[in-house]
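# Descriptive structure summary
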Amino acid sequence: MGDSSLPTGKEPVRLNRRRLLQAAGAAGVGSIAGCIGGDQDSGNGNSSSDSTPSDDADFVDQPFVSVETLAIDQMHFNSYNQDNFAYSPGYLVFDELIYYQADVSEYQPGIVTDWEITDDLVTLTVREGVPWHGGEEVTAEDVARKLKLGVYDGGTMGRFTSAESIEATDEYTVEVGLEVPVSEEIFLSSLKGDSMDVPEDPYQEILEDFEDGGDGVTSNGEGLADLTIDEPNGTGPFKYADRNEQELVLERTEEHPDAENINFPEYRFRYFENNQAQWQALQTGEVDGVAILHVPPEIHDGFPDEVKEYQITPNWGAGVIFDHEHKHFGQREVRQAIAHVIDREDVATSSGPRTKAPVDIPTGIPGNFEVDDEIPANDWLGDRVDEYETYEGQNTDRAADLLESAGFQKDGGTWHDSDGNPLQFPIKAPGGWTDYVDACQVMVQHLSDFGIEAEFVARDEAAFFGEDVYGDGFDVAMFQWTTAQAYPYFNFEFMLDSPDQTDVFKYPDEIELPPVGEPDGAEEPFVSADELEDLLTVETGSDEEAELVQRLAWAVNYDLPVLPIQETVDQSFVRTDNWDVVGPDDSDAQVDWPMTYLPRVGKLTAKSE
Amino acid sequence: MSQKTNHDEIVDALDDEDSAFGAVADDTLSKRERYVRALDRNIVAPARIVWDDLRARVGLAIIGIYLFMGTVGPKLIDPPRTGDGPRLEGAFETWAHPLGTDSLGRDILASIVHATPNMLLMILAGGIFTTVMATVVGTTSGYLRGRVDQFIMMVTDVVMTIPGLPLVVILAAALSPENPIVIGVILTINAWAGLARSIRSQVLAVRENSYVEAAKAMGMPTRTVIRREILPNIMPYVLVNFVNASRNVIFASVGLYFIGVLPYDTIVNWGVMIDLAYQGGALQTTAAAHWLLAPLITVMLLSFGLIMFAQGTDRMFNPRVRARHSSSGTAEEPDEETNSTPATGGALK
């Protein structure tokens with residue numbers, strides 16, 4: 001991805017893209033069969049001898065081997081630079097500020113152990129005794145630095161506080177002054193995904209440049225989003241030790257307070273090129289665990305019993321994004337017609353029979369997996385649920401009416417606009433992401449049957465992000481519609497008023513919208529940013545909140561800035577032949593990710609025999 | 001082809017001209033007779049030789065099947081669609097999907113059939129491009145010799161030293177061709193060079209024959225000499241190489257589609273099918289094995305057919321074998337070799 005083409009990303013967007021990269025799991029379209037991965041013990045010999053085995057009798061001298069789809073020698077540890085950031089290893093090298101248990105929707109302490117939220121002040125307590133790998137202790141100053149950088153980087157927190165209002169009041173306390181009252185839900189969600197990865201060197205320099213009104217560059221001229229860090233000064237229970245082209249080696253950090261729960265000396269990440277290679281490695285036992293991997297049922301059936309699967313609902317899913325300046329897709333009727341034609345149920349069952357759920361009503365609210373025959377997302381809509389357009393799919397009559405009303409005509413089996421140009425587009429997705437590829441192919445089938453000349457174009461992953469999505473090189477693409485947050489605010493922000501949506505996909509700041517549930521009613525101006533700000537500050541659980549969510553959901557449902565297609569369940573895997581690990585029902589196994597979080601709490605340990 | 005035959009041709013050619021050669025022919029062949037002989041020599045006899053050879057028959061039959069599949073097939077079978085059938089139905093389980101379905105429920109037989117026209121176009125384009133380039137370059141250079149030869153061979157050698165696969169990969173990536181004919185040509189972009197050199201060496205030998213000398217002495221233009229005297233002698237070699245070039249196009253295209261260098265927008269391509277099946281885990285689970293095997297066998301069978309045909313046609317140009325089959329209308333017997341008709345002349349050396 002070319003950095004020059006990136007927008008000055010706000011926090012949620014940045015995290016999303018990082019997640020998106022990881023979620024589909026495979027790198028690149030090229031997939032030559034053959035030896036990938038190399039030896040079980042490919043030449044990282046020095047590291048295990050360096051670490052001092054614990055005195056504990058249970059200590060087992062074996063590494064946990066996981067997978068990485070990025071080129072190991074190009075990986076770096078600056079989370080603000082999307083290009084080749086070491087996403088999975090980051091979960092071990094750095095501690096998160098807080099951890100989120102998806103099954104019970106609860107937050108667990110990380111670097112931040114306690115929080116107290118009032119109308120105008122948030123007080124955070126910092127965990128004592130966590131050392132930087134460089135030796136210093138993590139203090140409130142470090143946490144404040146992280147939060148301030150988030151604000152300067154365009155994070156959600158910037159919508160309710162400013163960098164000046166964030167302050168370390170003593171060694172273990174940070175106070176965040178609030179400009180508007182926010183709910184605990186929103187505040188904690190905005191911390192989610194942040195890790196303690198900004199050591200004083202070099203981040204203090206960047207922060208000070210921001211504070212002086214600069215663009216956040218170091219004295220070497222490296223900006224926050226360009227900086228690469230090869231040997232991180234981390235805070236997690238594993239520290240960087242070594243790497244070669246095939247493998248990254250992390251070593252247990254004796255000094256870390258959680259280290260007592262860990263009875264093995266090393267954590268390794270081995271390079272695998274695509275999903276297929278990872279399936280094989282997991283099947284044969286070449287690796288011990290994978291954070292996220294799309295595994296279709298027939299492959300899963302072939303896994304031996306030792307492979308334990310964890311399913312996590314990450315509030316994540318794929319949808320269709322549009323270039324809103326395109327003369328066809330900038331028209332609401334065209335987007336609506338496409339939504340009427342695509343059969344989401346068919347797409348979801350084809351691309352992930354076990355793990356994808358179709359979006360029930362495209363409103364942008366996450367929660368489309370059935371719970372007791374109910375769709376949780378629809379709870380937000382209350383009694384008005386029937387007033388929203390469901391876009392059933394394969395509804396060609398309705399789609400035809402819409403296109404005709406927009407001046408299109410069907411001619412020779414294909415829709416043409418009033419100038420005689422056919423309605424056609426390539427829909428792009430990264431070729432190595434098998435679930436995306438499958439989904440695109442099914443959508444293309446539906447659209448072609450209807451007379452829209454869609455064709456699927458498989459792209460190299462780097463080209464997809466660098467040249468297409470962020471390089472202004474797409475008309476229609478398969479992308480995310482979610483932000484990995486359960487609270488609907490974050491998806492609305494992403495779809496209606498994020499830098500991605502407004503600067504890159506060119507969605508207008510203001511649209512004309514009829515009243516909720518009345519598509520034929522008089523249209524009125526709708527400014528997403530204002531509505532979002534109201535939702536941010538409203539009291540949770542209030543009628544006002546529900547009304548705001550319903551209005552924003554209507555904007556998404558009617559205007560379709562993004563067309564939500566499906567939601568996904570993440571599949572995580574750990575092999576149990578050499579490891580003792582809790583089952584998927586344990587709440588700690590519902591934190592991102594079982595293979596990186598469970599060791600911290602002593603629920604993933606090496607078998608002692 | 002024999003010396004006498006070529007001589008006959010010269011006589012034919014000069015037939016109407018007022019020259020010393022023209023006067024010799026007291027019993028000139030009628031037009032009809034000449035056509036019959038031409039038919040004999042160029043079509044019937046070769047066909048009979050080919051049909052006599054089991055390998056060629058097998059090869060022809062296989063190629064015939066593919067031609068049928070590429071021309072009539074798409075009209076008989078509906079294009080593959082997602083959701084045609086259940087996911088990953090096995091082969092030979094139902095009549096609706098004789099070869100089973102892939103992970104999106106598309107019929108595999110339909111995918112294979114609908115890929116055939118473009119594959120055949122690609123193969124044909126690649127084969128023709130290679131052989132025509134090689135023949136033109138090789139014969140010109142071998143016949144003319146001297147500086148022209150030196151220059152052409154220098155260029156040829158340069159082309160030959162460029163590593164083929166990387167060049168093709170780069171060209172494919174840079175041009176992103178989607179037209180099958182363009183892809184065929186790109187895949188064989190430097191395959192002609194080696195063949196051109198071998199053809200040149202053959203021409204060098206042929207051009208020393210006395211009938212070539214005679215043709216030159218009669219003042220025939222270079223073009224005519226090459227076409228009439230040189231080319232027929234190297235034709236067998238060229239044809240066999242045409243078939244080999246075609247096989248290489250199949251393998252190269254399937255390989256490049258598989259590694260994802262060539263762009264594709266549909267699955268109707270055997271290489272793409274193999275890629276998708278591999279990505280879909282066909283190596284890991286027997287549930288998807290048929291998805292991978294079907295296109296693999298399709299590719300192998302066509303390649304096998306082409307090899308068989310090439311070996312069979314090899315015999316066609318063997319003068320001894322050919323003599324036996326040279327006349328039309330009579331039942332041929334192996335012993336007939338000694339009584340061969342004047343059409344091919346008894347002038348076997």
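Residues numbered from 1 in each chain as written. Chains lettered and ligands numbered in written order. Predicted model: local features only at pLDDT ≥ 70, side-chain atom pairs only at ≥ 80, totals over all residues. Heavy atoms only, no water.

### Describing the overall build of chain A
The number of helices and strands found in chain A is 19 helices and 25 strands. A compact globule built from 609 residues should have a C-alpha radius of gyration of about 25 Å, and chain A, at 24 Å, falls within 12% of that. The buried share of chain A, taken over its 609 residues, is 61%. For chain A, restricting intrachain contacts to residue pairs at least 6 apart in sequence, the fraction spanning at least 24 positions comes to 72%. Just so you have it, chain A exposes about 21,600 Å², and 39% of that area is on carbon and sulfur atoms. Computing the positive centroid from 34 side-chain charges and the negative centroid from 129, chain A places the two 3 Å apart. (Helix = DSSP H or I, 4+ residues; strand = E, 2+ residues; numbered from the N terminus. Rg over C-alpha atoms; globule rule 2.2 N^0.38 Å. Buried < 20%, exposed > 50% of the residue type's maximum accessible area, 1.4 Å probe, protein only. Contact = heavy atoms within 4.5 Å. Areas by Shrake-Rupley, 256 points an atom, 1.4 Å probe, with all protein chains shown as cover. Lys, Arg positive; Asp, Glu negative; His and termini not counted. Charge placed at Lys NZ, Arg CZ, Asp CG, Glu CD.)

### Some words on the UniProt feature "transmembrane region" (unreviewed entry) in chain B
The UniProt record marks residues 58-77, 119-139, 151-175, 181-199, 249-268 and 288-310 of chain B with the feature "transmembrane region" (unreviewed entry), using the residue numbering of this structure. End C-alpha atoms of residues 119-139 of chain B are separated by 30 Å, and the span's content is 100% helix alongside 0% strand. (UniProt positions renumbered as here; feature names shortened; annotations may be inferred.)

### Points about the interface of chain A and chain B
At the interface, 27 residues of chain A touch 24 residues of chain B. For the pairing of chain A and chain B, the buried interface totals around 2,200 Å² over both sides, and the portion due to carbon and sulfur atoms is 47%. On the surface where chain A and chain B come into contact, there are two salt bridges. Residue Asp449 of chain A pairs with Arg81 of chain B through a salt bridge whose shortest N-O separation is 2.8 Å. The tally of links from chain A across to chain B stands at six residue pairs in polar contact (both at pLDDT 80 or more). Looking at the side of chain A that touches chain B, the elements that each hand over two or more residues are α7 (275-284), α8 (297-301), α10 (344-351), α13 (434-450) and β18 (453-459) of chain A. The leading source of residues in the side of chain A that touches chain B is α13 of chain A, at six residues. Split into classes, the residues belonging to the side of chain A that touches chain B amount to eleven nonpolar, twelve polar and four charged. (Buried area = accessible area lost by both parts, 1.4 Å probe. Salt bridge = Lys/Arg side-chain N within 4 Å of Asp/Glu carboxyl O. Polar contact = N/O pair within 3.5 Å; in protein donor to acceptor, adjacent residues only side chain to side chain. Nonpolar A, V, L, I, M, F, W, Y, C, P; charged D, E, K, R; others polar.)

### Describing the nonpolar core
Ranked by internal contacts, the top residues of the largest apolar core, which has 161 residues, are Leu147, Val174, Phe187, Ile338 and Phe492 of chain A. Per element, the largest residue contribution to this core is nine residues, and it comes from α13 of chain A. Apart from the residues within four sequence positions on either side, Phe187 of chain A is in contact with Ile117, Val122, Leu124, Met157, Phe160, Val176 and Val182 of chain A. Formed by 41 residues, the second largest nonpolar core is a distinct cluster that contains Ile62, Ile108, Ile250 and Tyr257 of chain B. (Core = buried A, V, L, I, M, F, W, Y, C linked by side-chain atoms within 4.5 Å.)

### With respect to helix α10 (residues 192-206) of chain B
Residue and element names in this part refer to chain B. A rise of 1.5 Å per residue sets the reference length of α10, with its 15 residues, at 21 Å; its end C-alpha atoms lie 21 Å apart and thus fit the reference within 8%. Along α10, the residues classified as buried are Trp192, Ala193, Leu195, Ala196, Ile199, Arg200, Val203 and Val206. The arc that holds the buried residues of α10, viewed along the axis, is 150°, so those residues lie on one side. Close packing links the buried residues of α10 with α6 (108-144), α7 (146-161), α11 (210-217) and α12 (222-259). (Expected span 1.5 Å × (residues − 1). Arc of directions from axis to C-beta.)

### Thoughts on the sheet that holds strand β5 (residues 121-126) of chain A
Residue and element names in this part refer to chain A. Read across the open sheet, the four strands follow the order β4-β5-β7-β6; overall the sheet is antiparallel. The open sheet has two edge strands, β4 (112-117) and β6 (166-170), and neither has a second partner. Looking at each pair of strands side by side, their axes are set apart by 25° on average, direction ignored. Pairing of β4 with β5 involves five bridges; the strand directions are antiparallel. Of the residues in β5, the one forming a bridge with Asp114 is Thr125. (Pairing = 2+ DSSP bridges. Axes fitted to C-alpha atoms, helices over the stretch in contact; angles between N-to-C directions.)

### Concerning the sheet that holds strand β8 (residues 238-243) of chain A
Residues and elements named next belong to chain A. Here four strands make up an open sheet; going across it, the order is β1-β10-β9-β8 and the pairing mixed. Every interior strand has two partners, whereas the edge strands, β1 (64-68) and β8, have only one. Averaged over all adjacent pairs, the angle separating strand axes in this sheet is 25°, with direction ignored.

### Section: the packing of α10 of chain B against α12 of chain B
All names here are of chain B. One way to put it is that α10 packs onto α12 with a least axis distance of 10 Å and a crossing angle of 150°. The hand of the α10/α12 crossing is right-handed. In this structure, α10 contributes Leu195, Ser198, Ile199, Gln202, Val203 and Val206 to the contact, and α12 contributes Glu229, Ile230, Asn233, Ile234, Tyr237, Val238 and Asn241. Per-class residue counts for the contact of α10 with α12 are eight nonpolar, four polar and one charged. (Left-handed = near helix turned anticlockwise from the far one by under 90°.)

### Comments concerning the pattern of salt bridges
Following the criterion strictly, the structure yields 35 salt bridges over all chains and no others. Taking the shortest distance from any N to any O, the salt bridge between Glu208 of chain B and Arg145 of chain B comes out at 3.3 Å. Within this pair, whereas Glu208 of chain B is found in the loop between α10 and α11, its partner Arg145 of chain B is found in the loop between α6 and α7, the two being separated by 63 residues in sequence. What makes Glu208 of chain B partly exposed here is its relative accessible area of 47%. Several salt bridges share partner residues, and in doing so they unite Glu247, Glu266, Arg268, Arg270 and Glu286 of chain A into one network.

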